[in-house]
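# Working through the structure, step by step
The residues making up each chain are set out below.
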Amino acid sequence: MRMLLCVLLPLLLQLAFGVPFALASPGGSFVGLWVMLVGPFLIAITTFVNWLGVRRQPPLWWAALALRTILVTLVFPVVCGVFAASVS
């Protein structure tokens, strides 16, 4: 259950954020290109970090694990938003 909530759910949320963000960008947008090129690496890195947090020994308290998962997962959307604001 921890793997589902702390690894797979954030992965799906990042994909749900990244794909429309890349496709909705106007034609020739550097933001959409950046999301398509860098997004898979950022999503893979955050998924790996979340997986390490779940596999940690001794296990983290559920609230600490949830907070860590949320903070790590928000890196990709925040980086995309900052890049979009700086380019436009």
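Described below are features of the structure shown in this document. Note that the structure is a prediction, hence the values are computed from the model and not measured. (Residues numbered from 1 in each chain as written. Predicted model: local features only at pLDDT ≥ 70, side-chain atom pairs only at ≥ 80, totals over all residues. Heavy atoms only, no water.)

Together, Met-1, Leu-4, Leu-5, Leu-8, Leu-9 and Leu-13 make up an exposed nonpolar region whose accessible area comes to about 620 Å². Structurally, Met-1 can be placed in the segment before α1 (2-24). A relative accessible area of 73% places Met-1 in the exposed class. (Patch = residues over 30% accessible without salt bridge, like charges linked within 9 Å, V, L, I, M, F, W, Y side chains within 5 Å. Areas by Shrake-Rupley, 256 points an atom, 1.4 Å probe, with all protein chains shown as cover. Salt bridge = Lys/Arg side-chain N within 4 Å of Asp/Glu carboxyl O. Helix = DSSP H or I, 4+ residues; strand = E, 2+ residues; numbered from the N terminus. Buried < 20%, exposed > 50% of the residue type's maximum accessible area, 1.4 Å probe, protein only.)

So, on to the packing of aromatic side chains. The geometry of an aromatic ring pair is captured by two quantities: the separation of the ring centres and the angle between the planes. Within the structure shown, the criterion is met by two aromatic pairs. A ring pair is formed by Phe-48 and Trp-51, whose centres lie 5.9 Å apart and whose planes are at 25°; its orientation type is stacked. Taken together, the residues span about one helical turn, with Phe-48 and Trp-51 both in helix α2 (residues 30-55) at a distance of three residues. Relative to Trp-62, the ring of Trp-61 lies with its centre 5.7 Å away and its plane at 55°, an arrangement referred to as tilted. Overall, the relative accessible area of 63% leaves Trp-62 in the exposed class. (Phe/Tyr/Trp six-rings, centres within 6.5 Å; stacked < 30°, edge-to-face > 60°.)

Coordinates in, geometry out; function isn't part of it.
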